[in-house]
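Coordinates in review
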Amino acid sequence: MELTGAEIVVRCLAEEGVEFVFGYPGGAVLNIYDEVFKQDKFKHVLVRHEQAAVHAADGYARATGRTGVALVTSGPGATNAVTGIATAYMDSIPLVVISGQVPTAVIGMDAFQEVDMVGITRPCVKHNFLVKDANDIAETLKKAFYIASTGRPGPVVVDIPKDVTQAKAEFAYPKKVAMRSYNPVIKGHTGQIKRAVQMILEAKRPMIYTGGGVVLSNAAEDLTRFTRLLGFPITNTLMGLGGYPATDPQFTGMLGMHGTYEANMAMQHCDVLIAIGARFDDRVIGNPEHFFQDGRRIIHIDIDPASIAKRVKVDVPIVGNVKDVLAEMTKLIQAAKEKPDQVALKTWWTQIELWRSRDCMKYDRSSSLIKPQYVIEKMYEVTRGEAYVTSDVGQHQMWAAQYYKFDQPRRWINSGGLGTMGFGLPAAMGAQFAHPDATVACVTGEGSIQMNIQELATCKQFNLPLKIVLLNNRYLGMVRQWQEFFYGNRYAESYMDALPDFVKLAESYGHVGMRIEKPEDVESALKEGFGPELKERLVFMNFITDRTENVCPMVPAGKGLSEMILV
Amino acid sequence: MENEAGALSRVAGLFSARGYNIESLTVAPTEDETLSRMTIVTRGSDDVIEQITKQLNKLIDVVKVVDLSEAGHIERELMLVKVRAEGELREEMKRMSDIFRGRIVDVTEKTYIIELTGAGYKLDAFLEALDKSAILETVRTGASGIGRGDRILKV
Ligand SMILES: Cc1ncc(C[n+]2csc(CCOP(=O)(O)OP(=O)(O)O)c2C)c(N)n1
């Protein structure tokens, strides 16, 4: 049967089992919207800004592991989506973003609302397509979903000119895709895996360091089994939190710029480092020269060959899906006759416990001002560690990562790679759509929340009972901290003046607003905000926190991991 | 790589975004019209070349990447040089062209166009050998390369 291009788009999304499309209409996508109107296979969520559409699709993808979908119009709709696309790209999140385009006949004519979307997004997508013929829509979308979700995942843009959505074509959704130029490796090389196991069994001061790849490949259980079997210390990156239970004694906390003393010291002084689904980012290892002052052998497991040996030299590279490789290594270790040297391991743990005893995350608990760390700690208790927590970018993000103990994957949702302020609220919407009965909290700053504050209206329209935890320090806190440490206390443009009354603001959008000023009110406010009475409501909790608090420990940029600033 | 619109810009964009240098880049469709073949000349340490290879492989449109310099290969580039050919120079240019096995493909009263093929260094040597003031214009294609003997790059 012949269908219009727009009908085909909608049918393809249904065939893919898409539940939600986050979008915003406009001229170039009117045909598609008309078909969205007529169908009931998926729900369309009207956001208030296209950036939020992409972040919401991204939050949905992170919370579920499924591919998120966004739909935007040409020109400004498309450019508004770019920040969201780049955010997903940096964190390897599977998305399909469909953008409208001006009719093929006027492409290149500087037509109204024309922008070269394929050109603009090229450096921040896994792949993109311009569909020039209605006959190609189905196959292109099939490929888009396949590329987005396999290998190292990432966003794929499909740009569709308006006339293509009008033209008619035969519709048949392909069952499979075969692409000679795209064949992601899944299984690791057996010889390399054996070498890695041998190295692991010989380790005297081992360390396991894991990142977002563990979460993305749904390998948290495999990682836990592997780590417990070995009894080795483990650390997670900012993106990897929840990949290993944070309450487990083998967990040494997050590492990196704002990582724990014990994790960073163990990372620096280990003799065998097992890096899994992580990429030795500059925020993680600090100055590479300093990192290499201490010799260590490195095993690196990653699905993306280009991530291996990019920043550090690796002794045993293993390209493959983290989940499969971990399962295979675990089997080999169980079958091996030797065990790692238990005496050496014990000595190593004694050293780590000594580092741990410095209690690097302590803070002043007797202050008369609300300490942001305290808010997160209490929030952890009140939600029993079970919430989906999204964050924006800044100090609050680091405190959430440090003080909320994530025992499960996909619960911690933040923009680690691009560091996009404005991510938190729309991402929380996506997570809440994915898990309507779960508690979803957004930890934010008064700078960040104002970057997508308009989404409070979307939350009202769809009755999303998000809990917004604003750590309000009246500063662009992370900027202020750098200015205090490295710019002689010259707080250039980091003071957030003329803040709105957030309680009234929340109320004007139809939500519940709360303002909390004293430490003794923190717990009761959280209990109320997250409590049964307000279960159905979005609650905006504005915590007036100590404005001078800094995130510690800190490895200053360009310094080594063992050169931390401690409290 | 796939002979798709935009494939070239993905490669060029990759080099500029990641700060790799491109000395030359040539591309044209092959006997299989769904495929294009590109020869890129770049410079870098082994680590950098490894990264470039991996990053190129990651591009969805790229089917296969081979580092020709790893083994025997033939490299050829075409150059057209317009030179002054008046008075004494007329004989001189003809002679130089012959020595370098060039061909004169256009003749006017005042100029010649000399066509020369070879590895990049040979073309450089030719330009070096000419009287600078005699060179009016040059155009080069950049290198195309192919492995020697049994080394076959085919999909
Ligand atoms: C879109 C965007 N612009 C600028 C920055 C740079 N930046 C990083 S953290 C930060 C301050 C964030 O302030 P706020 O949201 O109030 O959080 P706080 O650090 O105070 O917790 C800024 C401006 C960014 N990450 N993203």
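In the block above lies the structure referred to throughout.
What you see is a predicted model, and the numbers here were worked out from it, not measured in a lab. (Residues numbered from 1 in each chain as written. Chains lettered and ligands numbered in written order. Predicted model: local features only at pLDDT ≥ 70, side-chain atom pairs only at ≥ 80, totals over all residues. Heavy atoms only, no water.)

What follows deals with the overall build of chain A. The secondary structure content of chain A amounts to 22 helices and 20 strands. Its C-alpha atoms give chain A a radius of gyration of 24 Å, near enough to 24 Å, the size a compact globule of 567 residues would have. Projected onto the principal axes, the alpha-carbon positions of chain A cover approximately 70 × 60 × 45 Å. The proportion of buried residues among the 567 residues of chain A is 62%. A sequence separation of at least 24 residues applies to 77% of the contacts in chain A between residues at least 6 apart. Counting only carbon and sulfur atoms, one obtains 51% of the accessible surface of chain A, whose full area is about 21,800 Å². Within chain A, one finds 60 positive and 63 negative side-chain charges whose respective centroids are separated by 5 Å. (Helix = DSSP H or I, 4+ residues; strand = E, 2+ residues; numbered from the N terminus. Rg over C-alpha atoms; globule rule 2.2 N^0.38 Å. Buried < 20%, exposed > 50% of the residue type's maximum accessible area, 1.4 Å probe, protein only. Contact = heavy atoms within 4.5 Å. Areas by Shrake-Rupley, 256 points an atom, 1.4 Å probe, with all protein chains shown as cover. Lys, Arg positive; Asp, Glu negative; His and termini not counted. Charge placed at Lys NZ, Arg CZ, Asp CG, Glu CD.)

Right, let's talk about the overall build of chain B for a bit. Counting its regular elements, chain B contains four helices and seven strands. When its helices and strands are written in sequence order, chain B yields α-β-β-α-β-α-β-β-α-β-β. In terms of C-alpha radius of gyration, chain B reaches 19 Å, well past the compact-globule figure of 15 Å for 155 residues. Structurally, chain B occupies a C-alpha span of about 55 × 35 × 30 Å along its principal axes. Per-residue burial over chain B gives 34% buried out of 155 residues. In chain B, 66% of the contacts between residues at least 6 apart in sequence involve partners at least 24 apart. Approximately 9,200 Å² of chain B is accessible, and the part contributed by carbon and sulfur atoms is 51%. For chain B, the separation between the mean place of its 22 positive charges and that of its 27 negative charges on side chains is 1 Å.

All right, on to the pairing of strand β7 (residues 155-161) of chain A then. For a regular strand, the rule is simple: side chains alternate between the two faces of the sheet. Residues and elements named next belong to chain A. Taking burial as the measure, the seven residues of β7 include seven buried ones, the bulk of the element. Here β7 shows two buried faces, one formed by P155, V157, D159 and P161 and the other by V156, V158 and I160. Sheet analysis places strand β5 (residues 95-101) next to β7, joined by seven bridges and oriented parallel. Its bridge partner lying in β7, S99 is registered against D159. Pairing analysis gives four bridges linking strand β6 (residues 127-130) to β7, with the strands arranged parallel. Across the sheet, the residue bridging to L130 is D159, located in β7. Once you follow β6 into helix α6 (residues 137-149) and on to β7, the crossover reads as right-handed. (Pairing = 2+ DSSP bridges. Right-handed = clockwise from strand over helix to strand, strands pointing away.)

A word on the interface of chain B and chain A. By a frequent convention, interface size equals the accessible area lost on bringing the separate parts together. Contacts between the two partners involve 18 residues from chain B, matched on the other side by 18 residues from chain A. Surface buried jointly by chain B and chain A totals about 1,500 Å² across both partners, of which 46% is contributed by carbon and sulfur atoms. If you look at where chain B meets chain A, you find three salt bridges. B:K58 is the partner of A:D304 in a salt bridge, and the nearest nitrogen-oxygen pair spans 2.7 Å. Counting across the interface, chain B meets chain A through ten residue pairs in polar contact (both at pLDDT 80 or more). When its residues are assigned to classes, the side of chain B that touches chain A shows five nonpolar, four polar and nine charged. (Buried area = accessible area lost by both parts, 1.4 Å probe. Salt bridge = Lys/Arg side-chain N within 4 Å of Asp/Glu carboxyl O. Polar contact = N/O pair within 3.5 Å; in protein donor to acceptor, adjacent residues only side chain to side chain. Nonpolar A, V, L, I, M, F, W, Y, C, P; charged D, E, K, R; others polar.)

So, on to the site of the ligand. Residues and elements named next belong to chain A. Residues in close proximity to the ligand total 17 residues, the closest being Q395, H396, G419, S448 and G477. At 3.0 Å from an oxygen atom of the ligand is found a side-chain nitrogen or oxygen belonging to N473. The backbone of M478 places a nitrogen or oxygen atom 2.9 Å from an oxygen atom of the ligand. For the ligand, the accessible surface in isolation is 580 Å², of which the surrounding protein chains cover 76%. Mapped onto the shell around the ligand, the elements with two or more residues apiece are α17 (395-403) and α20 (477-486). The element best represented in the shell around the ligand is α20, accounting for three residues. By residue class, the composition of the shell around the ligand is seven nonpolar, nine polar and one charged. (Near = heavy atom within 4 Å.)

Within soluble globular proteins, side chains that are nonpolar generally end up buried alongside one another. All names here are of chain A. Membership of the largest hydrophobic core comes to 98 residues, with the highest contact counts inside it found for F226, I276, F280, I299 and M329. The dominant element in this core, judged by the number of residues it contributes, is helix α8 (residues 190-202), at six residues. Among residues more than four places away in sequence, those in contact with F280 are Y209, M267, L273, A275, I285, F291, I298, H300, R311 and V312. Among the nonpolar cores identified, the runner-up in size contains 53 residues, and A70, I93, L464 and F540 belong to it. (Core = buried A, V, L, I, M, F, W, Y, C linked by side-chain atoms within 4.5 Å.)

Bringing unusual backbone geometry into the picture now. Residues and elements named next belong to chain A. In this structure, P553 follows C552 across a cis peptide bond, with omega equal to -10°. Along the chain, P553 falls in the segment after β20 (539-544). We note that D359 has phi near 50°; this positive angle belongs to a residue other than glycine. Looking at the element boundaries, D359 is found in the loop between α15 (342-356) and α16 (372-382). Classification of D359 as partly exposed rests on a relative accessible area of 43%.

Attention now goes to the pattern of salt bridges. Residue and element names in this part refer to chain A. Counted according to the given criterion, the structure contains 39 salt bridges over all chains. The shortest N-O distance in the salt bridge between E328 and K187 comes to 3.5 Å. On the criterion of sequence distance, the pair formed by E328 in helix α14 (residues 322-335) and K187 in the loop between β8 (168-170) and α8 is long-range, its members being 141 residues apart. The exposure class of K187 is exposed, given its relative accessible area of 54%. Each of K378, E381, E523 and K527 takes part in a single network of salt bridges with overlapping partners.

All names here are of chain A. By the secondary structure assignment, M361 is in the loop between α15 and α16. What makes M361 buried here is its relative accessible area of 18%. Sequence-wise, M361 and L526 are 165 residues apart; in three dimensions their C-alpha atoms are separated by 22 Å. With residues up to four places along the chain from it excluded, the contact list for M361 reads T260, Q402 and Y403.

Residues and elements named next belong to chain A. Here six strands make up an open sheet; going across it, the order is β16-β15-β17-β18-β20-β19 and the pairing parallel. Both edges of this open sheet fall to β16 (412-413) and β19 (512-516), since each of them pairs with a single strand only. Pairing analysis gives six bridges linking strand β18 (residues 467-472) to β20, with the strands arranged parallel. In the strand pairing of β20, L470 is matched with N542. Each of β15 (388-391), β17 (440-444), β18 and β20 is contacted by α16, which is oriented at about 160° to β18, the strand it contacts most. (Axes fitted to C-alpha atoms, helices over the stretch in contact; angles between N-to-C directions.)

All names here are of chain A. Tracing the backbone through its elements, the reader meets M329 in helix α14. Judged by its relative accessible area of 0%, M329 falls in the buried class. Separated by 132 residues in sequence, M329 and V197 have C-alpha atoms that sit 6.5 Å apart. Setting aside residues no more than four positions away along its own chain, M329 makes contact with I193, A196, V197, I200, F226 and I301.

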